[in-house]
Each structure stands twice: as C-alpha cells, then as structure tokens.
Amino acid sequence: MRIILLGAPGAGKGTQAQFLMGKYGIPQISTGDMLRSAIKAGTELGMAAKRVMDEGKLVSDDIIIGLVKERIAQDDCKDGFLLDGFPRTIPQADAMKDAGIVIDHVIEFDVPDDVIVERMGGRRVHPASGRVYHVVYNPPEVEGKDDVTGDELIIRDDDKEETVRKRLGVYHEQTKPLVNYYSEEASKGNCEYHKLDGTQPVEQVSRQLSELLG
Ligand code: AP5
Ligand code: ZN
C-alpha cells in the first residue's frame, strides 16, 4: 500500500503515520525527519537545510526529490510506504509521476489554521523514533519522556508561533494546490483521494483511516 499523507504543518500527519506503520507494517518516509537527522549529523545538506527550515520555508525540490527517490528504492519500501510531508509542491508530485511511482491512496487532513497554531505550542517529539506527543491532546505516560525509551522529549526548533505562521503561509501557497492535483488524479482513476476532518481526536482519526484503508 502506497500512501501520501497530505496536510498543513501540525495537521497530524506524523501522528497518524506512527499508527499506520504499526497497523500495516509499512515504513514512514518523513522528509522533515530525514532533514532533521541530516542537521543532527552535521552534514552539508543538514547545515543548508537548517537555515531554510528555521525560516519556515521549503528546501529545494531537487534536494528533496533526490532524497525521496533514494529512500523509496530501498528494500523495505517494496511492499509500500507512507509519504509524510512529501510531495509538497507540484514539481515534487510531477517528479514522482515521471519516475513511475504509483500511489494508491492520498489522504488529506483538513485542519483550520487557528487550531494548528494552538496545537504546535504543545507539541513534544522523540526525534529518534518520530513519535509525536501533545502536552494536552496526546500526552506521554510520564511527563516529558518518550513512552517506549524513556528518553527526554524535545520541542522542535520550527515550532515557535512566528515560524508556524510562516509555514502555514507556505503551505497555502505551495502545497495546497496538490489538493486539486490529486483530486484530478483520482478522477482519472490513478489513485483514491480521501479527505478527513483532522480536528477530531487522534483515536477517532485513526479509526476513520482504518475504515477507509481496510
Ligand atoms: P515537516 O517535518 O514535514 O513538518 P510539517 O509538514 O510542517 O508537519 P509537522 O511535522 O509540523 O506536522 P504533522 O502534520 O506531522 O503533525 P503532528 O502529527 O506532528 O517539515 C519541516 C520542514 O522541513 C519544512 O518546513 C521544510 O522546511 C522542510 N521540508 C520537509 N519536507 C519537505 C519537502 N517535501 N519539500 C521541501 N521542504 C521540506 O501533530 C502536531 C501536534 O498536534 C502534535 O503535538 C500532536 O500530538 C498533535 N495532534 C495530532 N493529531 C491531533 C488531533 N487529532 N487532535 C489533537 N492534537 C493532535
Ligand atoms: Zn510531521
């Protein structure tokens, strides 16, 4: 099963990717997580990406497309994958199509901007695993600690309100056009398109995903 999770920053893509990975046994490909690993490793790519990410802007299409193609070619992606945060621009979507990468389901998480801004203030993450928490809506068992490893949770550098607002602007301008793009692909029979109400509680969204993916 090859799935694209589409939605604004903070819409719940990473949260539901964790659920879907567990349920369907397919890997999560989060371009944001890949870039954050590169930053942590101090690679040239990481250093260049950090400046762009801290400003809430998008990393160049060429770099991202290269990263994703390389990742999808790996063995564990043979039976499917979850794309989280990719594609994010029309050229990224076209590059996938040109590479012959077929998508089965595109899932849009619909969440209004004001809900997003509120959510991001309470997000805590475990970078090594990609697990995501919220201090109120999805709290860890022990405050500030990851449920599985007990590691300290962190706040992402780009979760400052000012940066979140910039990221939302970039989403509306550069990523939202993919809603029409994939709706049209679905009308041609090239994939299925599903729109979910992402303001529902986490478990409710997971339940709906299970129902529609079977
Ligand atoms: P990336 O890491 O992809 O960030 P994003 O798309 O902005 O999305 P987020 O990870 O912020 O949100 P999410 O939808 O995963 O929400 P989450 O589940 O965490 O990208 C970061 C940066 O990298 C970009 O700005 C860009 O610079 C660069 N980049 C990445 N990909 C790129 C690409 N393809 N091209 C170019 N540049 C790229 O949930 C958020 C919070 O809400 C959490 O606290 C969670 O617990 C809570 N929550 C989740 N669901 C619910 C719910 N149903 N109810 C209540 N709370 C909820
Ligand atoms: Zn995410």
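Given the structure is predicted, the values throughout are model-derived calculations rather than measurements.

(A) Summary view of the pairing of strand β3 (residues 81-84). Here β3 shows a buried face lined by Phe81 and Leu83 and a second buried face lined by Leu82 and Asp84. With 3 bridges joining them, strand β2 (residues 28-30) and β3 adopt parallel strand pairing. Paired with Ser30 across the two strands is Asp84, which belongs to β3.

(B) Spotlight on the UniProt feature "binding site: AMP" (unreviewed entry) in the protein. Under the UniProt annotation, the feature "binding site: AMP" (unreviewed entry) is placed at Thr31, Arg36, Lys57, Leu58, Val59, Gly85, Phe86, Pro87, Arg88, Gln92, Arg156 and Arg167. A maximum C-alpha distance of 24.6 Å is found for the annotated residues, which run over 137 residues; spatially they are spread out rather than grouped. Of the residues examined, Lys57 has 15 C-beta atoms within 10 Å and is grouped as partly exposed. When residues no more than four places from it in sequence are discounted, the contact partners of Lys57 are Val52 and Val170. Mapped onto the elements, Arg167 comes out in helix α7 (residues 161-175). When the 22 C-beta atoms within 10 Å are taken as the criterion, Arg167 is described as buried.

(C) Region of interest: the nonpolar core. Membership of the largest hydrophobic core comes to 38 residues, with the highest contact counts inside it found for Ile3, Ile4, Leu5, Leu82, Leu83, Val106 and Ile107. For this core, the element with the most residues is strand β1 (residues 2-7), which contributes 4 residues. When near neighbours in sequence (up to four residues on either side) are disregarded, Ile3 contacts Leu20, Leu82, Leu83, Asp104, His105 and Ile107.

Parameters and conventions
- Residues numbered from 1 in each chain as written.
- Chains lettered and ligands numbered in written order.
- Predicted model: local features only at pLDDT ≥ 70, side-chain atom pairs only at ≥ 80, totals over all residues.
- Buried ≥ 20, exposed ≤ 12 C-beta atoms within 10 Å, placed from the backbone.
- Helix = DSSP H or I, 4+ residues; strand = E, 2+ residues; numbered from the N terminus.
- Pairing = 2+ DSSP bridges.
- UniProt positions renumbered as here; feature names shortened; annotations may be inferred.
- Contact = placed C-beta atoms within 7 Å.
- Core = buried A, V, L, I, M, F, W, Y, C linked by C-beta atoms within 7 Å.

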